[in-house]
Amino acid sequence: MGAKISIPVRRIDAKEKAGGWAKYIGDYEFDNLQHGRFLRSERARAKIIEIKKPVFPEGYYYVDASDIPSSGKNNIQMIKDDWRVFAVDEVRYIGETIAIILGPDKQKVLDLLNEIEIIYEDLIPAFTFDDALACKGGAVHGTDNIFAEYLLNVGNTDNAFKNADKIIEGKYETGFQEHLYMETQGLVGTWEDGKITMYASAQCPFYIRKSVAGTLGVPLGDIRVRQVTTGGAFGGKEHFPDVIATPLAVAVNKIKKPISMIYDRIEDISFTCKRHPSKITIKTGLDKDNNIIAMEIDTLVNGGAYESSTPIVLQRAILHGLGVYNIPNARILGRAVATNTFPSDAYRGFGAPQGLFAIEMHMSHIADELGLDTSDFKRKHFIKTNDITITNSKMHDDVKLEEMFAKIDEMSDYSSKVKKYANDPVKGIGIAFVNHGGGFTGNGEQVVIQGVVKMKRLDDGKAGLYVSVVEMGQGLQTTMRKIAAGELGLSIEDVVYDNPDTDIVPDSGPTCASRSIMVVGFLVQECAKKLKAKWEEGVGTEATHQYVHPEEFVWEQETLQGDAYPAYGWGINVVEVEYDPVTFEVKTEGVWAVWDVGVAIDETIMQGQSSGGIIQALGYASIEKCELKNGAFMQHTMADYTIPTSLDFPKVETVFIDNPYKYGPSGAKGAGELVFDAAPPAYAEAVQNAIGKRIYDIPVTPEMIMEALNK
Amino acid sequence: MKEIKFILNGKEVSVEADPLKRLLDVLREDKRMTGVKEGCGEGECGACSVLMNGVLVNSCMIPLGAVEEAEIVTPEGIRETEKGKLIIDAFGDAGAVQCGFCTPGMMMATEALLTINKTPEEEEIREALSGNLCRCTGYDLIVKGVQIASERGKDLW
Ligand code: FES
Ligand code: FES
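Cut-offs used in this document
- Residues numbered from 1 in each chain as written.
- Chains lettered and ligands numbered in written order.
- Predicted model: local features only at pLDDT ≥ 70, side-chain atom pairs only at ≥ 80, totals over all residues.
- Heavy atoms only, no water.
- 1 Å grid on protein atoms, 1.4 Å probe; cavity = no way out; pocket = protein on both sides within 12 Å on 5 of 7 lines; lining within 4 Å.
- Points joined across faces, edges and corners; volume = space filled by probe spheres on them.
- Helix = DSSP H or I, 4+ residues; strand = E, 2+ residues; numbered from the N terminus.
- Nonpolar A, V, L, I, M, F, W, Y, C, P; charged D, E, K, R; others polar.
- Pairing = 2+ DSSP bridges.
- Contact = heavy atoms within 4.5 Å.
- Buried area = accessible area lost by both parts, 1.4 Å probe.
- Salt bridge = Lys/Arg side-chain N within 4 Å of Asp/Glu carboxyl O.
- Polar contact = N/O pair within 3.5 Å; in protein donor to acceptor, adjacent residues only side chain to side chain.

> It is not clear to me how empty space enclosed by the protein should be interpreted in this structure. Could you clarify?
If a probe as big as a water molecule is rolled over the atoms, it shows which places are left empty. All names here are of chain A. On inspection of all chains with the given rule, the structure shows six cavities of 30 Å³ or more. Looking at the largest cavity, its volume works out to about 570 Å³. The wall of the largest cavity is formed by 40 residues, among which Met472, Gln474, Gln609, Gly672 and Glu673 lie closest to the centre. Mapped onto the lining of the largest cavity, the elements with two or more residues apiece are α14 (476–488), α15 (516–533) and α16 (603–622). For the lining of the largest cavity, the class distribution of residues is 20 nonpolar, 14 polar and six charged.

> Just checking my understanding: could you explain the pairing of strand β2 (residues 46–52) of chain A for this structure?
Within a regular beta strand, the side chains point alternately toward one face of the sheet and then the other, so they alternate between its two faces. Residues and elements named next belong to chain A. By the bridge criterion, two bridges tie β2 to strand β4 (residues 90–91) in an arrangement that is antiparallel. Bridge pairing in β4 links lysine 47 to glutamate 90. Across six bridges, the pairing between β2 and strand β6 (residues 117–122) is antiparallel. The partner of isoleucine 51 across the bridge, within β6, is isoleucine 118.

> Quick question: what am I supposed to make of the interface of chain B and chain A here?
Many analyses report the size of an interface as the accessible area lost when the parts associate. Across the contact, 43 residues belong to chain B and 56 residues belong to chain A. Each partner contributes to the roughly 3900 Å² buried at the junction of chain B and chain A, and carbon and sulfur atoms together form 55% of this total. When the buried surface of chain B facing chain A is broken down by residue, Gln98, Cys99 and Arg135 of chain B rank first, second and third, together holding 21% of it. Where chain B meets chain A, there are seven salt bridges. Counting every contact that joins chain B to chain A gives 31 residue pairs in polar contact (both at pLDDT 80 or more). Of all the elements in the fold, those that place two or more residues in the side of chain B that touches chain A are α1 (23–30), α3 (82–94), α4 (103–116), α5 (122–128) and α6 (140–152) of chain B. Ranked by residue count, the leading element in the side of chain B that touches chain A is α3 of chain B, at five residues. Partitioned by chemical class, the residues of the side of chain B that touches chain A number 16 nonpolar, 11 polar and 16 charged.

Taken by themselves, the reported measurements are silent on function.
Right under this line is the structure:
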């Protein structure tokens, strides 16, 4: 790690957060604040026959679809607008918003909510992939329950299979995952100067503005969204705040008073989006020398009852379907299905962890079947610079996987432990190799986002930075300042970067897709150069900069052909475990990581991303079980949906290698999601080596290990 | 409704409220001490950590009635003290803070630990923080923050 920008600084927000000065949405005071609660569907699929309400005392309101102004629409403007603001006549999933109950006293609001009785006529719900594909109970979405279907093709797969010497198949499944940001979802909507203002714990202020304006049928400029310090998000506050903000705006518009809508933990676990469950089947053809010559992948993800960002999640899952491997002939079919479960949505990795888990496990299963060493087999198939990708373009990255493997092997002693544990009854070690495309898929940055940033010379030699990407824990308040300050020759304290307010900042796009540093950070760097050039024009001088797509990256969205991502982050994780043959509990003995994120903007912040991403991913792989029963999540509290504590996993040993990307700020690439991708397959592989049985699904629970051993 | 007297951050206070009201709500709503956070409301996460007679407790699990005469310390009560500043700086230097929602609680847990064990081993730190959940950091850099605090604060605790 040699770059000057990588030298750590103390985070700008560390003190105010650690000491409890920082204000989160629940910490603000508003005059005359009203409290809202959602009336939600208790049925997965039903007609609403009647809603029996008590008499509401003065000052208490029941707000539903009938309160949407005639200029507006009962649809949430997300990527699609099929998700309704309020359910009318029928419900599609447990937890769907039917109305808001609000008033000055929280307890009274709850009492009123409990007195409401809904009479339903149940319909036949679809919950599983099989239910969805069979259109059980009639299609939930369209005519066939398919939100999106894509086919990717490279080479001549059918021909290659004909020539295969052997064919190996496997089926891999992953479950729901709850984000469990420590601060629950929350917004406060107010009526200020004749305008709706939303204070939001959120990732994407402009998404909220768009959805609220669409619901009320007013110009975008009539809605103001102000992000407040956000206590974790991980994708869970990307689109979901729209689902709260739109009905909330209808209520504010009706009563013209501030209303808070802050979830308690039980609501948050029970009634927010989760990571998409997946079911991926892979069939591989090999030649006599054990080279992979053909691969066919069938990917299914469960989108739940509404579309939201599901098609894009599916795209990312299949675009990462071949992992880090060069497969000359491959075909990937991806389908996202509709069911009567809570809509699935963005979660750190956005489909890639599902695709990568499947391919990594499959590669290890092939090696096992052929009696080969896993890492040798995987390494033999590594994609290299200029190899053809699944979207029929070239891998543009300078791929440094071999160098990274040498590094992690040295750190973890992987190769010798593999041999040592081969016959050990309780110990195992696993390795996973991943990449993660930074920024929006294909030409999304160019066609959809067209991000803009602005900077301005302020008094006292300070510079103002105006961007719409937010600090949500990942360190942006510090790293963005570092980028701008570095260009301007200022200290980071002299760069002013407030939480985004849509009335003030230009739209630089959402905080997601590992784009904030790589894409927006680069815009900031370029903008800072412009400002520097005219700095002497004096206080008030402004500069703006808009995204320009590098010409060498070409993409055709209709056919999903070309350069799916301009650059990838790359990573390797090794996990070592020991299991207890009596209780089937697994203890993790070591975790190692080597990452290529281009250049780390701050090495300590990146260490934090590495440890944090990996531990969250190890939770996903081991203990985070979220199950459905009749369409409802069975886990409701932090006691029954458990996440890793400080005792569950050992310290993560992390190393970064430099590999600058020419269109990233100081060479930086995306990193926030990459750090999640490798740990689940590395963990599952370690457990399978320990128990001597193959693992196909996560989370790998003790019950699953017991079952595998009894087979 | 009952009048309950207790010592809050060194000052005697009296609160008139339902004795079953959660201490968490008393602190956040009546006393506007918003450094105490609600992460779960059921004793699982430690975001609401305070010290009660020097012992780390989850204020969401303590009814107001139970703090009669007790000494309660919140993040507001230690952040300006020498020890508090030292912990905050140590967390800052370690990179222990990400979204920050768990961090005031982590500061309280650190204060409680260093009071009984000035030079804890990594395992002891992990044990002491195990009632405080963090979804962002994976704990490594928080552990490092406690280690830095312990090194720098040898003469304080
Ligand atoms: S809010 Fe008290 S332990 Fe979580
Ligand atoms: S820093 Fe976000 S929960 Fe700990």
